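Here are the chains, one letter per residue:
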Amino acid sequence: MDLSYESTRGNESGVTASQAVLKGLAEDGGLFMPNQIPKLDKTMKELADLTYQETAYEVMKLFLTDYTEEELKDCINKAYDSKFDTEEIAPLSKADGAYYLELYHGSTIAFKDMALSILPHLMTTAARKNQVHNKIVILTATSGDTGKAAMAGFADVEGTEIIVFYPKDGVSRVQELQMVTQKGANTHVAAIRGNFDDAQTGVKNIFGDKALKEELEKRGCQLSSANSINIGRLVPQIVYYVYAYAKLLANEEIDQGEKINVAVPTGNFGNILAAYLAKQMGVPIGKLICASNENKVLYDFFATGTYDKNREFILTTSPSMDILISSNLERLIYLSAGCDPKENEKLMSQLSREGKYTITDEMKAFLSDFYGGYATEEENRQMIRKVFDDTGYLIDTHTGVAAAVYEKYKKETGDQTKTVIASTASPYKFSGSVLEAIEGRKEEGDEFAVIDRLHQLSGLPIPQAVEEIRTAPIRHNLECGKDEMKELVGSLLA
Ligand SMILES: *Cc1c(COP(=O)(O)O)cnc(C)c1O
């Protein structure tokens, strides 16, 4: 049986990989899933000798089956190049009894780069393959990390234009500077007078506007999305789990066939779902430790079988995990329901009507590979400090959540299995909170004074991405009301 994609809500099937990448979301509101999860066709020992790029090909060829070898290798080589500050692309660092898989060596110093540096190439290739001649216009609402990573990925990519909206007072100074200094003639970013939800709602409304769609079609444009429900973001994230296991084997840190656990700081459930798919492909992974911050909707879900978003939204020092609707969880629900779209659809419509749903005992049993945990703000700070004091290794506030949950897991279960912790951002991206954690008090001074102090204390080189924004000229100064987003899109594409 050939691999193709189907909607988790049942109204689309037989979709090719390139069509799924182009569409992003299925028309019935569901997410695309492959109709089977392929097995790796090389042994872990064979994979141990491969580079990141070669590993990427071995994994992605199994999912993106209508891309030719040449197309796929071309996308991979354009994505994972000197934009990353290390040839290893995703290096492992051993510290404090765990292996930190550093996913922040790309151009925007957060793990979103792992997928967003290849998505533009997958998308333009998909457009070519499907005889789409329109310009592809990417619209994205961001709370900070996704917007910059998407702009960096799509900057000057032929046949594309990207427009990002962020909440004017809702992102960190580093995040804002990263966005407003973005180069590329096809990049646009606007601050909206409103919060992240307003930005997201505005973007959704633009997607649903039929008149605008027709008008853009006349101008030779069509809208698409770069957010994490696109299969073109999920598949590239599987690669680094395969690569990490292969490298542990190559470095003789583990024996052939030895199981490892994986701990992932989780928000939208994309990163940890990729680890789960790596396991299904044949990587010897035991437990998947799903780490939440104080927005612990996933912890409660794994503990009780009830997903309930009706609760207070808490702003934490790990903002990229401040999320109450984890979109990618729908894919796991679908699998746990034996790929029954009706069952999945029933739960998802309950979620949108009542804000909650409860899965059956059988579905819950299916999820036994997952361990849900959470860390409070204080536990996170203590963990960042402990790792730094004991080993000199510095982790960011998202990785701190995973490390703290991993500690709790070990205490609770006594499980000593070697563990890979996904390290999702450079500590410099959240300098203020990281410095506060290791010094035990709030730091005075502006963002760059804090960055310099962190450098002085840790000796960790300041990434190029941070040095650049110190002096880079501001290129974008658009601002609009939350009701003016559509007009702005129209005028930018005129
Ligand atoms: C997006 C993000 C996360 C959460 O990843 P999901 O795939 O949404 O679960 C964690 N840490 C950082 C730094 C991020 O940017």
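Our subject is the structure listed above.
Worth saying up front: this structure is predicted, and the values here are computed from it rather than measured.

Scoring rules and cut-offs
- Residues numbered from 1 in each chain as written.
- Predicted model: local features only at pLDDT ≥ 70, side-chain atom pairs only at ≥ 80, totals over all residues.
- Heavy atoms only, no water.
- Axes fitted to C-alpha atoms, helices over the stretch in contact; angles between N-to-C directions.
- Helix = DSSP H or I, 4+ residues; strand = E, 2+ residues; numbered from the N terminus.
- Parallel < 35°, antiparallel > 145°, perpendicular 65-115°, else oblique.
- Left-handed = near helix turned anticlockwise from the far one by under 90°.
- Contact = heavy atoms within 4.5 Å.
- Near = heavy atom within 4 Å.
- Polar contact = N/O pair within 3.5 Å; in protein donor to acceptor, adjacent residues only side chain to side chain.
- Areas by Shrake-Rupley, 256 points an atom, 1.4 Å probe, with all protein chains shown as cover.
- Nonpolar A, V, L, I, M, F, W, Y, C, P; charged D, E, K, R; others polar.
- Buried < 20%, exposed > 50% of the residue type's maximum accessible area, 1.4 Å probe, protein only.
- Pairing = 2+ DSSP bridges.
- Core = buried A, V, L, I, M, F, W, Y, C linked by side-chain atoms within 4.5 Å.
- 1 Å grid on protein atoms, 1.4 Å probe; cavity = no way out; pocket = protein on both sides within 12 Å on 5 of 7 lines; lining within 4 Å.
- Points joined across faces, edges and corners; volume = space filled by probe spheres on them.

Focus on the packing of helix α14 (residues 329–336) against helix α15 (residues 341–354)
- Two elements in contact, α14 and α15, have axes separated by 8 Å at closest approach and are oriented at 135°. Relative to α15, the element α14 lies oblique. Where α14 crosses over α15, the handedness of that crossing is right-handed. Touching Glu330, Ile333 and Tyr334 of α14 are Pro341, Asn344, Leu347 and Met348, all from α15.

What about the site of the ligand?
- Close to the ligand lie 15 residues; Lys112, Gly267, Asn268, Asn271 and Thr424 are nearest.
- One of the backbone N or O atoms of Phe269 is found 3.0 Å from an oxygen atom in the ligand.
- Starting from 380 Å² of accessible surface for the ligand in isolation, the protein chains cover 97%.
- When grouped by side-chain class, the residues that make up the shell around the ligand number five nonpolar, eight polar and two charged.

Some thoughts on the pairing of strand β14 (residues 419–423)
- With five of its five residues buried, β14 lies for the most part within the structure.
- Examined bridge by bridge, strand β4 (residues 98–102) and β14 share four bridges and lie parallel to one another. Across the sheet, residue Tyr99 finds its bridge partner in β14, namely Val420.
- Pairing analysis gives three bridges linking strand β9 (residues 260–265) to β14, with the strands arranged parallel. Residue pairing in the sheet places Asn261 in a bridge with Thr419 of β14.

Side note on the nonpolar core
- Residues Tyr5, Met60, Leu64, Phe269 and Tyr357 are the most contacted members of the largest nonpolar core, which totals 111 residues.
- Broken down by element, this core gets its largest block of residues, 14 residues, from helix α11 (residues 231–250).
- If you look at the next biggest cluster of nonpolar residues, it comprises 41 residues, including Ala263, Ala291, Tyr406 and Ala437.

Quick look at unusual backbone geometry
- Non-glycine residue Ile89 carries a positive phi angle of around 70°.
- The backbone of Asp156 shows a phi angle near 60°, a positive value even though the residue is not glycine.
- By the element assignment, Asp156 lies in the loop between α7 (145–154) and β6 (160–167).

Details of empty space enclosed by the protein
- Scanning the model with the defined rule gives three cavities of 30 Å³ or more in all.
- The computed volume of the largest cavity comes to approximately 60 Å³.
- Around the largest cavity, the lining residues are Lys83, Phe84, Ser107, Asp113, Leu116, Ser117, Ala149, Ala152 and Gly153.
- The set of elements that each furnish at least two residues to the lining of the largest cavity consists of α5 (112–116) and α7.
- A total of three residues in the lining of the largest cavity trace back to one element, the largest contributor, which is α7.
- A per-class count over the lining of the largest cavity returns four nonpolar, three polar and two charged.

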